[in-house]
Amino acid sequence: MAPQNNFDKEDIYVDMPAGVNPNELNMIHATSKQARSWQAVRTAVTDGPVESNTLIGGTPMIDLSSLLSLKKDVKIYAKCEYMNPSGSIKDRIAGFILQAAIDSGELKKGMTVVAATSGNTGAAIAMACALRGYDYVVITNEKCSIEKIDSMKAYGGTVLVAKAGLPADHPESYENIELAMVSKDPKKYFGVNQYGNQNNSLAYSRTLGPEIYSQTKGSITHFVAGSSTGGTLTGTARFLKTMNPEIKAVLADPKGSVLWDNFVNGVPEDQLKVGKWEIEGVGKDSIPGVLSWDVVDGAQNGDDASSFYTCREVAEKCGILIGGSSGLNLHAASVLSGKIDKGLIVTVLPDSGIKYLSKIFNDKWMDQKGFTGNEKKAEDGEIFWKSSIKKL
């Protein structure tokens, strides 16, 4: 099917540079004060020095088909999001959310930015604050790797570490700590609210979606991504489906996350039961406000051992260190490749394995957690599609 160019261009392209055709997929990264196509930025990088805030996005796409695809007519490509300046995909939303708040007057000079995070958003927010001259407080939990905690501190702000495994409505959960701080002193604190801020998904609609469509020349058939805030999956899928409604979006969700039961089994939000999982940055204990099931077509239920095994396999055979959520996404893409006859699956590698040397790439930790040798074959995995889901 030919691309359907009915996306609201006013919503995607802001302050279009002179001479740029809005019907061409020259994705706009920056804010209303600085608009450049990612292709132009990449050209500038090769020609000479650029400002650090122009390095966000425009990440390379690599072909991992020979390692992971189960069928010769199915390709698997992955976006190297770990190449963003702070080391993760979350750079895309951090600057976008802050600049939108600055432009609207919600974030004023002298205020402190507060963000609840599983880790990567914290580092991205810290970097974005450093570039804009704001103090920050990021709140994570004990599940976060020491490498990520240290990276959040490195930009000069404050890091609070809350208890892990608390119910979503517990006052000491990391999300509720952010809400309490902002509620107590709204003139001092600006809350990022990444789980409910619609600029989260919009950032991906304006950046990641157009990049993927452009880099695949519109030939993408499936998009696979894990979800925590819901921004990556929702925003990217929404743009891709606007360009071509036949493109399918598949959630990769770790066992223990409530997203699976809500989407596949139709379990109401107030009846969801949270399990445990070790993959950082994906899965959720509640349904985030940013996530929209209307753009999601299917789901794959992954697990820690298979995700971490995939990380190690990619390192040993492709020379790339990737984080656990990348392993989850790639394993799901591999499962999907066995369920379709032909197509082009695109997924994302949200962060680097450098952040998990003490965990995923540590033999002792893997053994202690019982992951070694317990990975599942992609051939044995399943994809659940909306058409087969009991309730929605």
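Please refer to the structure higher up on the page.
Anyway, here's the lowdown on the structure attached to this text.

Thresholds, definitions, all that
- Residues numbered from 1 in each chain as written.
- Predicted model: local features only at pLDDT ≥ 70, side-chain atom pairs only at ≥ 80, totals over all residues.
- Heavy atoms only, no water.
- Helix = DSSP H or I, 4+ residues; strand = E, 2+ residues; numbered from the N terminus.
- Buried < 20%, exposed > 50% of the residue type's maximum accessible area, 1.4 Å probe, protein only.
- Contact = heavy atoms within 4.5 Å.
- Areas by Shrake-Rupley, 256 points an atom, 1.4 Å probe, with all protein chains shown as cover.
- 1 Å grid on protein atoms, 1.4 Å probe; cavity = no way out; pocket = protein on both sides within 12 Å on 5 of 7 lines; lining within 4 Å.
- Points joined across faces, edges and corners; volume = space filled by probe spheres on them.
- Nonpolar A, V, L, I, M, F, W, Y, C, P; charged D, E, K, R; others polar.
- Core = buried A, V, L, I, M, F, W, Y, C linked by side-chain atoms within 4.5 Å.
- Pairing = 2+ DSSP bridges.
- Axes fitted to C-alpha atoms, helices over the stretch in contact; angles between N-to-C directions.
- Right-handed = clockwise from strand over helix to strand, strands pointing away.
- Left-handed = near helix turned anticlockwise from the far one by under 90°.
- Arc of directions from axis to C-beta.
- Phe/Tyr/Trp six-rings, centres within 6.5 Å; stacked < 30°, edge-to-face > 60°.
- Lys NZ or Arg CZ within 6 Å of the ring centre and 35° of its normal.
- Polar contact = N/O pair within 3.5 Å; in protein donor to acceptor, adjacent residues only side chain to side chain.
- Patch = residues over 30% accessible without salt bridge, like charges linked within 9 Å, V, L, I, M, F, W, Y side chains within 5 Å.
- Salt bridge = Lys/Arg side-chain N within 4 Å of Asp/Glu carboxyl O.

Remarks on the overall build of the chain
Item 1. A tally of regular secondary structure across the chain gives 14 helices and 11 strands.
Item 2. The buried share of the chain, reckoned over its 392 residues, is 56%.
Item 3. Looking at the chain alone, contacts between residues at least 24 apart form 71% of all its contacts between residues at least 6 apart.
Item 4. Total accessible area on the chain is roughly 16500 Å²; 50% of this is exposed by carbon and sulfur atoms.

Comments concerning the layout of surface pockets
Item 1. The volume enclosed by the largest pocket comes to roughly 860 Å³.
Item 2. As for the largest pocket, its lining consists of 39 residues, and the residues nearest its centre are Asn-141, Gly-165, Leu-166, Trp-277 and Asp-285.
Item 3. Sort the elements by how many residues they give to the lining of the largest pocket and helix α7 (residues 174-184) lands first, with 5 residues.
Item 4. Each residue belonging to the lining of the largest pocket can be placed in one class, and the counts come to 16 nonpolar, 11 polar and 12 charged.

Remarks on the nonpolar core
Item 1. Leu-98 and Val-113 are the most contacted members of the largest nonpolar core, which totals 59 residues.
Item 2. With sequence-adjacent residues up to four places away left out, Leu-98 is seen in contact with Leu-107, Val-113, Ile-125, Ala-128, Cys-129, Arg-132, Phe-190 and Val-192.
Item 3. Ranked by size, the runner-up nonpolar core spans 35 residues in total, among them Ala-78, Cys-311, Met-366 and Ile-383.

Overview of the sheet that holds strand β8 (residues 248-254)
Item 1. One open sheet accounts for 7 strands, arranged β1-β2-β10-β7-β8-β9-β11; its pairing is mixed. Each edge of the open sheet carries a strand with a single partner, namely β1 (61-63) and β11 (384-385).
Item 2. Inspection of the sheet shows strand β7 (residues 222-226) paired to β8 by 5 bridges, in the parallel sense. By the bridge assignment, Val-224 is partnered in β8 with Val-250.
Item 3. The sheet contacts of helix α13 (residues 324-337) involve β2 (74-80), β7, β8, β9 (298-302), β10 (343-349) and β11, and relative to β10 the element is tilted by about 170°.

Here's the deal with the pairing of β8
Item 1. Burial within β8 is extensive, with 6 of its 7 residues counted as buried.
Item 2. With respect to chirality, the unit in which β7 leads through helix α10 (residues 231-243) into the neighbouring parallel β8 is right-handed.
Item 3. In this sheet, β9 lies alongside β8 in parallel orientation, the contact comprising 5 bridges. Bridged to Val-250 within β9 is Gly-298.

Structural notes on the packing of helix α4 (residues 91-104) against helix α8 (residues 199-206)
Each pair of packed helices gets described by two things: the angle between the helix axes and the distance between those axes.
Item 1. In the contact formed by α4 and α8, the axes pass within 9 Å of each other and the chain directions differ by 115°. Taken as a pair, α4 and α8 cross one another with a handedness that is right-handed. Mapping the contact onto sequence places Arg-92, Ile-93, Phe-96, Ile-97 and Ala-100 in α4 and Asn-199, Asn-200, Leu-202, Ala-203, Tyr-204 and Arg-206 in α8.
Item 2. For the contact of α4 with α8, the per-class residue count stands at 7 nonpolar, 2 polar and 2 charged.

Overview of unusual backbone geometry
Item 1. Of note, the phi angle at Asn-193 is positive, near 50°, even though the residue is not glycine.
Item 2. By secondary structure assignment, the location of Asn-193 is in the loop between β6 (189-191) and α8.
Item 3. When its relative accessible area of 34% is taken as the criterion, Asn-193 is described as partly exposed.
Item 4. You will see that Lys-217, though not glycine, has its phi angle at about 55°, which is positive.
Item 5. Relative to the assigned elements, Lys-217 resides in the loop between α9 (208-215) and β7.

Some points on helix α6 (residues 146-153)
Item 1. Among the residues of α6, Lys-148, Ile-149, Ser-151 and Met-152 are the ones counted as buried. The buried residues of α6 all sit within an arc of 160° when viewed along its axis, so they share a single face.
Item 2. Tucked inside the fold, the buried residues of α6 contact α5 (120-132), β4 (135-141) and β5 (158-162).

Focus: the packing of aromatic side chains
Item 1. Summed over the entire model, instances satisfying the criterion amount to 5 aromatic pairs.
Item 2. Note on Phe-308 and Phe-371: the rings are 5.4 Å apart at their centroids and 70° apart in plane angle, and the pair reads as edge-to-face. Here Phe-308 is found in helix α12 (residues 304-318), whereas its partner Phe-371 is found in the loop between α14 (363-369) and β11, with 63 residues between them in sequence.
Item 3. Judged by its relative accessible area of 2%, Phe-308 falls in the buried class.
Item 4. One residue, Lys-284, lies across the ring of Tyr-195, its end atom 4.4 Å from the ring centre.

Quick word on the side chain of Ser-257
Item 1. Note on placement: Ser-257 falls in the loop between β8 and α11 (258-264).
Item 2. With relative accessibility at 6%, the residue Ser-257 sits in the buried group.
Item 3. A polar contact is formed between the side chain of Ser-257 and the backbone nitrogen of Leu-259, at a distance of 3.3 Å.
Item 4. With residues near it in sequence (within four places) discarded, Ser-257 still touches Trp-277, Gly-283 and Lys-284.

A look at a nonpolar patch on the surface
Item 1. A contiguous nonpolar surface patch, about 180 Å² in accessible area, is contributed by Val-45, Val-50 and Leu-55.
Item 2. With respect to the secondary-structure elements, Leu-55 resides in the loop between α2 (38-47) and β1.
Item 3. Residue classification places Leu-55 among the partly exposed residues on the basis of a relative accessible area of 31%.

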